[in-house]
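Each chain, letter by letter, is given below.
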Amino acid sequence: MNASVTPSRESIEQAKLFQPARIGDIDVANRIVMAPLTRSRADEAAGDIPGSNLNIEYYRQRSNAGLIISEGTQVSPAGKGYMATPGIYSDAQVEGWKAITRAVHDAGSKIIAQIWHVGRVTHPLLNGGQQPIAPSAIKPDVVAYTHQGKVEVPEPRALSVDEIREVVDEYRRGAANAIRAGFDGVEIHGANGYLIDQFLRDGANKRTDAYGGSPENRARFALDVVDAVAQEIGAGRVGIRLSPVTPFNDLTDSDPQATFGYLVEQLNQRGIAFIHFIEGATGGPRDVPGFDFAWARRTFKGTYIANNGYDRQMAIEAVETGRADAVAFGRLFISNPDLVHRLRQGAPLNAPNPQTFYTPGPAGYIDYPALNQAA
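Residues numbered from 1 in each chain as written. Predicted model: local features only at pLDDT ≥ 70, side-chain atom pairs only at ≥ 80, totals over all residues. Heavy atoms only, no water.

Caption draft 1: Representation of the packing of helix 4 (residues 161-180) against helix 7 (residues 220-233) within the structure. One can describe the packing of helix 4 onto helix 7 by two numbers: an axis separation of 9 Å at closest approach and a directional angle of 35°. The way helix 4 lies across helix 7 gives a crossing that is right-handed. Packed against helix 4, whose contacting residues are Ile 164, Val 167, Val 168, Tyr 171, Arg 172, Ala 175, Ala 176 and Ile 179, the element helix 7 presents Phe 221, Asp 224, Val 225, Ala 228, Val 229, Glu 232 and Ile 233 at the interface. Here the contact of helix 4 with helix 7 is composed, by residue class, of 12 nonpolar, no polar and 3 charged. (Axes fitted to C-alpha atoms, helices over the stretch in contact; angles between N-to-C directions. Helix = DSSP H or I, 4+ residues; strand = E, 2+ residues; numbered from the N terminus. Left-handed = near helix turned anticlockwise from the far one by under 90°. Contact = heavy atoms within 4.5 Å. Nonpolar A, V, L, I, M, F, W, Y, C, P; charged D, E, K, R; others polar.)

Structural data, given as structure tokens:
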């Protein structure tokens, strides 16, 4: 689609972005994905349980997306790094999620759980009093937001090999619980400076054993998690989110192309459903050097989901030209519950209010207006 030509309403209706597709083993009504969005509105006092009426309504409103990726959902108490984020490790959490997945399915969409462990990006005030864990005992230059205010995170402790295997099993159980809760699959959070990303990048991983050193060794933890999850629920229901060049959460790598190039090749061999790429810096500029996303698109034969700063025209063109199979939107889905309808019609978009991204209650959560579909 030529960017210099204003497309007609008819051509927009036929644009691939709005057409059905298959992502691994999951059939979706369109190629617009709701990105995982931390909203900090789980029932923390009861045990980080989702499924309140507010939570259900929030996801139901956004079920025009072809695929919804849930907010980050910790696989263990130690994996929690933010207030009021939901888990996927207890029976009560599974029961809470069931009400959400049922509402999404009833509204005609599909939903997968983003399973995560924040690793070193947490504080004992958030994770039940535990010292944060990481590949290496390197303190990141980040702060944690707790009920006692903003605090520096402490130095983490390095995981032993036996402990690494235990964490891999937590991801596996998280995936099994996700299917039990009615999710259509999972996205493994391997981006944005959390535990898997900490193993991948040499700025945080200084290990000298089988999980450190070469790109092959640093990718071992990520691939162990992918293999365990795929064995549990099937590779066609597994995806992973990657951010090869983002500096988010004080993470660096000396050679992202080598590090993530190897990982992409290995993921391709495993036949997983998708890779969800943050192209550039998370929530920031797209033109960050160090990794060839076009190469990744050619190399990985599963679904390529593009993310970071896409607008309507960019998304249409990316899918039309084959640069991506689907496009994920984050902040625009926060403020536009009916985003797919608005993009299809070229309607004006509500602006998001960052002041209410993480605050309790309905404001900025379920009160953004939708278009009048009868108009």
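Caption draft 2: Spatial organisation of the sheet that holds strand 12 (residues 274-278). Reading around the circumference, 3-4-5-10-11-12-13-14 is the order of the 8 strands in this closed barrel, with parallel pairing throughout. Across the sheet, the axes of successive neighbouring strands diverge by a mean angle of 25°, strand direction being ignored. Both strand 3 (residues 32-34) and strand 14 (residues 326-329) contribute to a ladder of 3 bridges, which runs parallel. The partner of Met 34 across the bridge, within strand 14, is Phe 329. (Pairing = 2+ DSSP bridges.)

Caption draft 3: Seen up close, helix 8 (residues 256-270). In this model helix 8 runs 21 Å from its N-terminal to its C-terminal C-alpha over 15 residues, within 8% of the 21 Å that 1.5 Å per residue would give. Pro 256, Thr 259, Phe 260, Gly 261, Tyr 262, Leu 263, Val 264, Gln 266 and Leu 267 are the residues of helix 8 that are buried. In this fold, the buried residues of helix 8 make contact with helix 5 (195-200), helix 6 (215-218), helix 7, strand 11 (238-242), strand 12 and helix 9 (293-299). (Expected span 1.5 Å × (residues − 1). Buried < 20%, exposed > 50% of the residue type's maximum accessible area, 1.4 Å probe, protein only.)

Caption draft 4: Spotlight on the nonpolar core. By size, the foremost hydrophobic cluster in this structure holds 84 residues, and its most contacted members are Ile 115, Tyr 171, Ile 188, Phe 221, Val 229 and Leu 267. If you tally residues by element for this core, the top one is helix 7, at 9 residues. With 14 residues, the next largest nonpolar core counts Ala 21, Ala 35, Leu 67 and Phe 274 among its residues. (Core = buried A, V, L, I, M, F, W, Y, C linked by side-chain atoms within 4.5 Å.)

Caption draft 5: Structural detail: the pairing of strand 13 (residues 303-307). For strand 13, the tally of buried residues reaches 5 of 5 residues, placing the bulk of the element in the interior. Here strand 13 shows two buried faces, one formed by Thr 303, Ile 305 and Asn 307 and the other by Tyr 304 and Ala 306. Where strand 12 lies against strand 13, 5 bridges are found, and the strand directions are parallel. Bridge pairing links Ile 275 to Tyr 304 in strand 13. In this view, the connection linking strand 12 to its parallel neighbour strand 13 by way of helix 9 has right-handed handedness. Taken together, the 3 bridges between strand 13 and strand 14 define a ladder with parallel strand orientation. What sits directly across from Ala 306, in strand 14, is Val 327. (Right-handed = clockwise from strand over helix to strand, strands pointing away.)

Caption draft 6: The arrangement of the pattern of salt bridges in detail. Counted under the stated rule, the structure contains 20 salt bridges. Taking the shortest distance from any N to any O, the salt bridge between Arg 172 and Glu 232 comes out at 2.9 Å. Of this pair, Arg 172 sits in helix 4 while Glu 232 sits in helix 7, and the two are 60 residues apart along the sequence. Residue classification places Glu 232 among the partly exposed residues on the basis of a relative accessible area of 35%. (Salt bridge = Lys/Arg side-chain N within 4 Å of Asp/Glu carboxyl O.)

Caption draft 7: Spatial organisation of the pairing of strand 7 (residues 143-146). What you see with strand 7 is a clean split: Ala 144 and Thr 146 sit on the buried side and Val 143 and Tyr 145 on the side with no burial. Across 4 bridges, strand 7 lies against strand 8 (residues 149-152) in antiparallel orientation. Considered in strand 8, the bridge of Tyr 145 is made with Lys 150. Connecting the antiparallel pair strand 7 and strand 8 is a turn made up of 2 residues.

Caption draft 8: Representation of the packing of aromatic side chains within the structure. Applying the stated rule across the entire model yields 17 aromatic pairs. Between Tyr 58 and Tyr 365, the ring centres sit 4.3 Å apart and the planes meet at 10°, which makes this aromatic pair stacked. Of this pair, Tyr 58 sits in helix 2 (residues 53-61) while Tyr 365 is found in the segment after helix 12 (339-345), placing the two residues 307 residues apart along the sequence. Comparing Tyr 58 with Tyr 365 shows no difference in burial state: the two are buried. Look at Phe 260 and Phe 291: their rings are 6.4 Å apart centre to centre, the planes differ by 75°, and that puts the pair in the edge-to-face class. Note that Phe 260 is positioned in helix 8 and Phe 291 in the loop between strand 12 and helix 9, a separation of 31 residues in sequence. (Phe/Tyr/Trp six-rings, centres within 6.5 Å; stacked < 30°, edge-to-face > 60°.)

Caption draft 9: Spotlight on the environment of Ala 175. When you line up the elements, Ala 175 lands in helix 4. Judged by relative accessible area, Ala 175 falls into the buried class, the value being 0%. In this structure, the C-alpha to C-alpha distance between Ala 175 and Arg 237, residues 62 residues apart in sequence, is 9.8 Å. Excluding residues that lie within four positions of it along the chain, Ala 175 makes contacts with Ile 115, Val 186, Val 229 and Ile 233.

Caption draft 10: Summary view of unusual backbone geometry. One non-glycine residue, Asp 48, lies in the positive phi region at around 55°. Along the chain, the position of Asp 48 falls in the loop between strand 3 and helix 2. On the basis of relative accessible area, Asp 48 is assigned to the buried category, the value being 7%. Backbone geometry at Asn 249 places phi at a positive 60°, although glycine is not the residue there.

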